[in-house]
There are 2 protein chains.
Amino acid sequence: MTSLSSQTPAGQRGPSDHVIRDQIILAAQQHFSHYGYGKTTVSDLARNIGYSKAYIYKFFDSKQAIGEAICARSLAGILAEVEAAAADGKSATEKLRRMVEKLTSLSAEFFFADRKLYDIAVHSAIAKWPPSQEYIARIKDILAGIIVEGREANEFECKTPLDETCRAIVRALQPFVSPLMLQYNLDDVPRCTNETLSLILRSLAP
Amino acid sequence: MTSLSSQTPAGQRGPSDHVIRDQIILAAQQHFSHYGYGKTTVSDLARNIGYSKAYIYKFFDSKQAIGEAICARSLAGILAEVEAAAADGKSATEKLRRMVEKLTSLSAEFFFADRKLYDIAVHSAIAKWPPSQEYIARIKDILAGIIVEGREANEFECKTPLDETCRAIVRALQPFVSPLMLQYNLDDVPRCTNETLSLILRSLAP
């Protein structure tokens, strides 16, 4: 399953666990990584993978659906590591710190590891593709869990509505979390991530 | 004088107060506003304004220098209103609120008023043209003045180094202040500006 959610992702067809689907995604990822998402057509992909265009369309209804599947896979990988890093924290403050540090360092790594795949994530963020929307929603969920824990332990203030706190924190992290912005803020990681994190922690003080 | 600073802007030549310079900037602004900055050459501009290309090059050493002058003019207009709005606040908290509200509302207005000129501001932000760098520096200066006032009046905490506080706040405002980001966050103005402002004010609490 390549989606962040448990439902069949929009644009994907046929059995969700089909091995061919995974082959297409992997081959497309390699192809996009080399030639770029924008410059590739489904015909190019089909030729390169060795399947017919019609066969690819049995699994994905468009190039975007393949792009979304690749994006969902990359983002799910980041989220899994972020959750694990946060879980290792002994207090809510430490969990938040670990979450933010992991999130920004992995996002920066993603950028440097493969610019062309990163461009798909930028495109996904701008076009508000479902994987990007689900990614942000999941980050808010992880954050909400940490904030609730911190409130219960009297580490964090309780007056501000939880939803508002989470939205405002995710937005304050946008320069380092949004693929679109991060590429222009890379010089500032990690020093400025720390400054932003300190501002967030001051805002959470009881 | 069209620059944000008092020095002759890079890329501009000849006497700084020359009336021809202003004519070129205004005509270029109209031309860019209609055809876009990217698609226009200095030859197109010259033909449209009715001056020779060589004559335009007496005042600006490149198309970018003209773009920078237009950008500086738009941003200086926003800053003047932001400073006036902040000055009207009775406390540092109110000044900060007015500053942020004016900054975000004028930035959004700028977007809706003229997409093609706004694109120059986006380009300027990405390419780190001097007017964008000076704009951010000036916003930090205005902010620093308000924070110092708030610290002296015991409205704001004094432990965090002033520079760090200012940098972190400007970064938290990036989703609404960066021309690049704002265009994707327009649905969120003004509700989310308020939430971000509240987070910032909580972080400033003594």
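Residues numbered from 1 in each chain as written. Chains lettered and ligands numbered in written order. Predicted model: local features only at pLDDT ≥ 70, side-chain atom pairs only at ≥ 80, totals over all residues. Heavy atoms only, no water.

## Comments concerning the pattern of salt bridges
No. 1: On inspection of all chains with the given rule, the structure shows 21 salt bridges over all chains.
No. 2: One salt bridge connects Arg202 of chain B with Glu157 of chain A, and the closest N-O pair in it is separated by 3.6 Å. Taken together, the residues span two chains, with Arg202 of chain B in helix H11 (residues 191-204) and Glu157 of chain A in the loop between helix H7 (130-152) and helix H8 (162-172).
No. 3: Between Arg191 of chain B and Glu195 of chain B there is a salt bridge, with its nearest N and O atoms 3.9 Å apart. Taken together, the residues span about one helical turn, with Arg191 of chain B and Glu195 of chain B both in helix H11 at a distance of four residues.
No. 4: Residue Glu195 of chain B is classed as buried on the basis of its relative accessible area, which comes to 6%. (Salt bridge = Lys/Arg side-chain N within 4 Å of Asp/Glu carboxyl O. Helix = DSSP H or I, 4+ residues; strand = E, 2+ residues; numbered from the N terminus. Buried < 20%, exposed > 50% of the residue type's maximum accessible area, 1.4 Å probe, protein only.)

## Examining the state of the cysteines
All names here are of chain B.
No. 1: One pass over the structure, following the stated rule, counts zero disulfides over all chains.
No. 2: With no disulfide of its own, Cys166 has Cys158 as its nearest cysteine by sulfur position, at a separation of 13 Å.
No. 3: Taking the relative accessible area as the measure of exposure, Cys166 reaches 4% and is therefore buried. (Disulfide = S-S within 2.5 Å.)

## A look at the UniProt feature "DNA-binding region" (unreviewed entry) in chain A
No. 1: In the UniProt entry, the feature "DNA-binding region" (unreviewed entry) is given for residues 41-60 of chain A.
No. 2: Helix makes up 60% of residues 41-60 of chain A and strand makes up 0%, while its end C-alpha atoms are separated by 13 Å. (UniProt positions renumbered as here; feature names shortened; annotations may be inferred.)

## Concerning the nonpolar core
No. 1: One finds Leu96 of chain A together with Leu96 of chain B to be the most contacted residues of the largest nonpolar core, which totals 128 residues.
No. 2: Residue assignment places this core across two domains, with domain 1 (19-64) and domain 2 (72-204) of chain A each supplying three or more.
No. 3: With near-sequence residues (within four places) excluded, Leu96 of chain B lies in contact with Leu143, Ile146, Leu197, Ile200, Leu201 and Leu204 of chain B. (Core = buried A, V, L, I, M, F, W, Y, C linked by side-chain atoms within 4.5 Å. Domains from an automatic or database assignment. Contact = heavy atoms within 4.5 Å.)

## Thoughts on the environment of Glu101 of chain B
Residues and elements named next belong to chain B.
No. 1: With respect to the secondary-structure elements, Glu101 resides in helix H5 (residues 92-113).
No. 2: Since its relative accessible area comes to 36%, Glu101 is described here as partly exposed.
No. 3: Considered as a pair, Glu101 and Val170 are 69 residues apart in the sequence and their alpha carbons are 13 Å apart.

## So, the confidence of the model for chain A
No. 1: Confidence along chain A averages 89 in pLDDT terms, with 94% of residues attaining 70 or more.
No. 2: Taken as a whole, residues 1-6 of chain A scores under 50 in pLDDT and shows 21 contacts with residues more than four places along the chain or in a different chain. (pLDDT = per-residue confidence, 0-100.)

## Brief notes about the interface of chain A and chain B
No. 1: At the junction of the two partners, chain A supplies 28 residues and chain B supplies 28 residues.
No. 2: A combined buried area of about 2,500 Å² lies between chain A and chain B, and 55% of that area is made up of carbon and sulfur atoms.
No. 3: Linking chain A with chain B are eleven residue pairs in polar contact (both at pLDDT 80 or more).
No. 4: Listed by contribution, the elements that provide at least two residues to the side of chain A that touches chain B are H8, helix H9 (174-177), helix H10 (179-185) and helix H11 (191-204) of chain A.
No. 5: A per-class count over the side of chain A that touches chain B returns eleven nonpolar, eight polar and nine charged. (Buried area = accessible area lost by both parts, 1.4 Å probe. Polar contact = N/O pair within 3.5 Å; in protein donor to acceptor, adjacent residues only side chain to side chain. Nonpolar A, V, L, I, M, F, W, Y, C, P; charged D, E, K, R; others polar.)

## Here's the deal with the relation of the copies chain A and chain B
No. 1: Each copy of the sequence occupies a distinct position, and chain A is placed on chain B by a rotation of 180° and an axial shift of 0.0 Å, giving an RMSD of 0.0 Å. With respect to symmetry, the two chain copies, as superposed, fit the operation of a two-fold axis. Among all residues of chain A, the minimum C-alpha distance to the rotation axis is found for Ser203 of chain A, at 1.8 Å. (Least-squares fit on C-alpha atoms with pLDDT ≥ 70 in both.)

## Examining the UniProt feature "domain: HTH tetR-type" (unreviewed entry) in chain A
No. 1: As recorded in UniProt, the feature "domain: HTH tetR-type" (unreviewed entry) lies at residues 18-78 of chain A.
No. 2: Within residues 18-78 of chain A, the helical portion is 74% and the strand portion 0%, while the C-alpha atoms at the span's ends are 24 Å from each other.

## Some points on the packing of aromatic side chains
No. 1: Tallying each qualifying case throughout the model produces 14 aromatic pairs over all chains.
No. 2: With centroids separated by 5.7 Å and ring planes inclined at 70°, the aromatic side chains of Tyr37 of chain B and Trp129 of chain B adopt a geometry described as edge-to-face. Highlighted residues: Tyr37 of chain B in the loop between helix H1 (19-35) and helix H2 (42-49) and Trp129 of chain B in the loop between helix H6 (115-126) and helix H7 (130-152), separated in sequence by 92 residues.
No. 3: Overall, Tyr37 of chain B belongs to the buried group, its relative accessible area being 13%.
No. 4: On the basis of relative accessibility, which here comes to 3%, the residue Trp129 of chain B falls in the buried class.
No. 5: In this structure, Arg21 of chain A packs its charged tip against the face of Phe60 of chain A, placed 5.4 Å from the ring centre. (Phe/Tyr/Trp six-rings, centres within 6.5 Å; stacked < 30°, edge-to-face > 60°. Lys NZ or Arg CZ within 6 Å of the ring centre and 35° of its normal.)

## Thoughts on unusual backbone geometry
If a residue is not glycine, its phi is most likely negative; likewise, a peptide bond is most likely trans.
No. 1: At Asn154 of chain A, a residue that is not glycine, the phi angle is positive and equals roughly 60°.
No. 2: Here Asn154 of chain A is to be found in the loop between H7 and H8.
No. 3: In this structure Asn154 of chain A comes out as exposed when scored by relative accessible area, which is 62%.
No. 4: If you check the backbone angles, Lys128 of chain B has positive phi at about 55° while not being a glycine.
No. 5: Note on placement: Lys128 of chain B falls in the loop between H6 and H7.

## Some remarks on the domain arrangement of chain A
Put simply, an interface is often sized by how much accessible area is lost when its parts join up.
All names here are of chain A.
No. 1: Taken domain by domain, chain A comprises domain 1 (19-64) and domain 2 (72-204).
No. 2: Here the C-alpha centre of domain 2 lies 31 Å away from the C-alpha centre of domain 1.
No. 3: It is Ser33, Tyr37 and Gln64 in domain 1 that bury the most area against domain 2; as a group they hold 50% of the surface buried on that side.
No. 4: Linking domain 1 to domain 2 there are one salt bridge.
No. 5: In this structure, Arg73 and Asp22 form a salt bridge, with 3.1 Å as the shortest nitrogen-oxygen distance.
No. 6: Between domain 1 and domain 2 we count three residue pairs in polar contact (both at pLDDT 80 or more) in total.

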